[in-house]
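# Residue-level structural notes
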Amino acid sequence: GASGGIIQIKQTFKTDHFSVTSKTYTDITGMTITITPQSSTSEILLEVVMNASGQVNMYGGVKVMRTIGSGTAQPIGISTAVSLSNQVNASFGIGVVSGHNADLKLKTYGFKILDTPSTTDDVTYKLQVYAVNGTDDAVQFDLNRPSDHRVNTNLSHFVGATSSMTAYEVTT
């Protein structure tokens, strides 16, 4: 017979706006989730969905950080694809292209990882973001709405959206 399956689900659902201008990884307020595994042999399937925008010609990355109990946050699911001194590895990349009203368009980003924390302590996942332009200057990143320099423009194509993190405890 079959065994195992999903035994617990937790979700963080963010409906409000977050914005930051930083060329170093910065916590995204409200994109944090904690799950307490029932078994130290359980795996945690973490699913991230983000709706984001930013300034035109924004390049950046999002890093998933994991903290077990009262320990130190450690990155998980980080790429090893780039290695030069100014290049940055992330869990997933983000960006806004140049072009007419590019900063008014939201993009949906998704990321999943099957994590093995090997604990029954609280496991907390959070997201961090950085964003730069083509000359390596910090630029604005926006979550759940387009870049806010036009927020007071009453346009029907200025769309607000939501983002979420879902953690599933999976037994084998």
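Residues numbered from 1 in each chain as written. Predicted model: local features only at pLDDT ≥ 70, side-chain atom pairs only at ≥ 80, totals over all residues. Heavy atoms only, no water.

Once that is clear, we can look at the nonpolar core. Counting residues in hydrophobic clusters, the biggest one holds 32 residues, and the most contacted among them are Ile-28, Leu-46, Met-50, Tyr-125, Leu-127 and Phe-141. Setting aside anything within four residues of it in sequence, one finds Met-50 in contact with Ile-28, Met-31, Val-62, Phe-92, Lys-107, Thr-108, Tyr-109, Leu-127, Phe-141, Leu-143 and Ser-163. (Core = buried A, V, L, I, M, F, W, Y, C linked by side-chain atoms within 4.5 Å. Buried < 20%, exposed > 50% of the residue type's maximum accessible area, 1.4 Å probe, protein only. Contact = heavy atoms within 4.5 Å.)

On inspection of all chains with the given rule, the structure shows five salt bridges. A salt bridge links Lys-14 to Asp-16; the nearest nitrogen and oxygen atoms lie 2.6 Å apart. The class of Lys-14 is buried, set by a relative accessible area of 5%. Here Lys-23 and Asp-136 are joined by a salt bridge, their closest N and O atoms 3.3 Å apart. Of this pair, Lys-23 sits in the loop between strand E2 (18–21) and strand E3 (26–35) while Asp-136 sits in the loop between strand E9 (123–132) and strand E10 (140–143); the two residues are 113 residues apart in sequence, bridging distant segments of the chain. Of the residues examined, Asp-136 reaches a relative accessible area of 39% and is grouped as partly exposed. (Salt bridge = Lys/Arg side-chain N within 4 Å of Asp/Glu carboxyl O. Helix = DSSP H or I, 4+ residues; strand = E, 2+ residues; numbered from the N terminus.)

A word on unusual backbone geometry. Positive phi is not limited to glycine here, since Asn-57 has a value of about 65 degrees. Of note, Asn-57 is situated in the loop between strand E4 (43–54) and strand E5 (58–68). In this structure, Asp-136 is a non-glycine residue whose phi angle is positive, near 70 degrees.

For the protein, the mean per-residue pLDDT works out to 92, and 95% of the residues sit at or above 70. At the low end of the mean pLDDT range in the protein sits strand E7 (residues 92–96), at 91; at the high end sits E3, at 98. (pLDDT = per-residue confidence, 0-100.)

What follows concerns the packing of aromatic side chains. Evaluated as defined, the whole model comprises two aromatic pairs. Ring geometry for Tyr-25 versus Tyr-130: centroids 5.1 Å apart, planes at 75 degrees, classification edge-to-face. Of the two residues, Tyr-25 is situated in the loop between E2 and E3 and Tyr-130 in strand E9; the sequence distance between them amounts to 105 residues. A centroid spacing of 5.5 Å and a plane angle of 25 degrees characterise the contact between Phe-92 and Phe-111, whose relative ring orientation is stacked. Of the two residues, Phe-92 sits in strand E7 while Phe-111 sits in strand E8 (residues 107–115), which places them 19 residues apart along the sequence. For Phe-92, a relative accessible area of 10% corresponds to the buried category. (Phe/Tyr/Trp six-rings, centres within 6.5 Å; stacked < 30°, edge-to-face > 60°.)

Next up on the list: the environment of Gly-61. Take Gly-61: it is sitting in strand E5. Along the sequence, Gly-61 and Val-129 sit 68 residues apart, while their C-alpha atoms lie 5.8 Å from each other. Other than its neighbours up to four places away in sequence, Gly-61 contacts Tyr-25, Ala-90, Phe-92, Gly-93, Ile-94, Gln-128, Val-129 and Tyr-130.

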